[in-house]
Amino acid sequence: MAQIDDLPPLRDVIERHDLRAKKSLGQNFLLDLNLTCRIARSAGDLSNHTIIEVGPGPGGLTRALLHEGAKRVIAIEMDPRALGALEEIGAHYPGRLEIIEGDALKVDMASLVPEGPARIVANLPYNVGTQLLLNWLEAAPWPPFYESLTLMFQKEVAERVIATEEDKAYGRLGVIAGWRTHADKLFDVAKECFSPPPKVTSSIVHLVPKANPLPCRLRSLEQVTAAAFGQRRKMLRQSLKSLGVDHMRLIEESGLQATQRAETVSVEGFVAMANGLDAMRGN
């Protein structure tokens, strides 16, 4: 296992700070610094950027980001047990690590980087990863404050993020991600790399915001996808009834077939329906 700096091995850090992973916080710690450095490098050149990291825990990825040249890292951690370990990292990399104790779901991250390029790189806690991603995908205004997202999810969630029509995992998350970003899965991470090992494989996903996604109101796109995927095995002529408009006309004017199911409709098709919904409602 690589030793990338003069700080203690992560297992020693966990023991000294009594940082045994808590299931209630969705914690699974990455201890292999070779791997955390690979994740940091996959986010691109960090030398000019502020990096926001969520859930750093004992700081394996934090150390990697700083070692790989991140200009500044802002680590958001809600577990007070981890703060001492992170402060030791900050002392080793003076002036480059800011630690914020708090719930990432409640932190206004855009305000943390009022100027200069930012990227988000994180081994997301399993229990809040999807909601955090949705918050970033639904940011207003758009383009958002970040240049890219490099995130670790359970492999099942990662497949949903990158899915397109006809993929088994395609759903509302894939539509929103595909509408506003270019999303790719970079590599898988075996469960044995974690302490404690989770029950599933994890994956690293990289998302880059589109400067000019197809014009569409987010709220309307959410309504259309919720209706269509809420009854994903049914044809559109049935699943879209809940929208409360002439859904057959909506389908036809969007260039789709009433016999299609949600999983066969492209992002462009959903955007067309969202815009058509607005037109019918006079929005």
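Residues numbered from 1 in each chain as written. Predicted model: local features only at pLDDT ≥ 70, side-chain atom pairs only at ≥ 80, totals over all residues. Heavy atoms only, no water.

So, about the pattern of salt bridges. Throughout the structure, instances matching the rule amount to 13 salt bridges. A salt bridge links arginine 81 to aspartate 79, with the shortest nitrogen-to-oxygen separation between them at 2.7 Å. Overall, aspartate 79 belongs to the buried group, its relative accessible area being 2%. For lysine 185, the salt bridge goes to glutamate 159, with nearest N and O atoms at 3.0 Å. Taken together, the positions of lysine 185 in strand β7 (residues 181–189) and glutamate 159 in helix α6 (residues 155–162) put the pair 26 residues apart, joining distant regions of the chain. Using a relative accessible area of 27% as the deciding quantity, one classes lysine 185 as partly exposed. (Salt bridge = Lys/Arg side-chain N within 4 Å of Asp/Glu carboxyl O. Buried < 20%, exposed > 50% of the residue type's maximum accessible area, 1.4 Å probe, protein only. Helix = DSSP H or I, 4+ residues; strand = E, 2+ residues; numbered from the N terminus.)

As a further point, take the state of the cysteines. Taken as a whole and assessed by the stated rule, the structure comprises zero disulfides. For the unlinked cysteine cysteine 37, the closest cysteine sulfur is that of cysteine 193, found at 14 Å. What makes cysteine 193 partly exposed here is its relative accessible area of 25%. (Disulfide = S-S within 2.5 Å.)

What follows is about the sheet that holds strand β2 (residues 50–54). Strand order in this open sheet of seven strands is β4-β3-β2-β5-β6-β9-β7, and the pairing throughout is mixed. Two strands lie at the open edges of the sheet, namely β4 (97–101) and β7, each paired on one side alone. Going across the sheet, the axis of each strand differs from the next one's by a mean of 20 degrees, ignoring polarity. Examined bridge by bridge, β7 and strand β9 (residues 202–209) share eight bridges and lie antiparallel to one another. Bridge pairing in β9 places histidine 182 opposite valine 208. Helix-sheet contacts for helix α4 (residues 83–92) involve β3 (72–77) and β4, and the interaxial angle to β4 is about 165 degrees. (Pairing = 2+ DSSP bridges. Axes fitted to C-alpha atoms, helices over the stretch in contact; angles between N-to-C directions. Contact = heavy atoms within 4.5 Å.)

Further remarks concern helix α8 (residues 218–230). Along its 13 residues, α8 runs 17 Å from first to last C-alpha, staying within 8% of the 18 Å computed at 1.5 Å per residue. Taken together, the buried residues of α8 touch α7 (172–180), α9 (236–239) and α11 (267–281). (Expected span 1.5 Å × (residues − 1).)

Now for the packing of α7 against α11. Look at α7 against α11: their axes get within 9 Å of each other, and the N-to-C directions meet at 90 degrees. With respect to α11, the axis of α7 lies roughly perpendicular. In this structure, α7 contributes Gly174, Val175, Gly178 and Trp179 to the contact, and α11 contributes Val267, Phe270 and Val271. Each residue belonging to the contact of α7 with α11 can be placed in one class, and the counts come to five nonpolar, two polar and no charged. (Parallel < 35°, antiparallel > 145°, perpendicular 65-115°, else oblique. Nonpolar A, V, L, I, M, F, W, Y, C, P; charged D, E, K, R; others polar.)

Bridge count between β3 and β4: five bridges; the pairing is parallel. In the strand pairing of β4, alanine 75 is matched with isoleucine 99. For the crossover that starts at β3, traverses α4 and ends in the parallel β4, the hand is right-handed. (Right-handed = clockwise from strand over helix to strand, strands pointing away.)

To continue, consider a negative patch on the surface. Side chains of Glu165, Glu166, Asp167 and Glu268 sit close together on the surface and give a patch of like negative charge. Within the fold, glutamate 268 resides in helix α11. (Patch = residues over 30% accessible without salt bridge, like charges linked within 9 Å, V, L, I, M, F, W, Y side chains within 5 Å. Areas by Shrake-Rupley, 256 points an atom, 1.4 Å probe, with all protein chains shown as cover. Lys, Arg positive; Asp, Glu negative; His and termini not counted. Charge placed at Lys NZ, Arg CZ, Asp CG, Glu CD.)

Glancing now at the side chain of serine 220. One can find serine 220 in helix α8. Judged by its relative accessible area of 0%, serine 220 is buried. A distance of 2.6 Å separates polar atoms of two side chains, one belonging to serine 220 and the other to aspartate 278. (Polar contact = N/O pair within 3.5 Å; in protein donor to acceptor, adjacent residues only side chain to side chain.)

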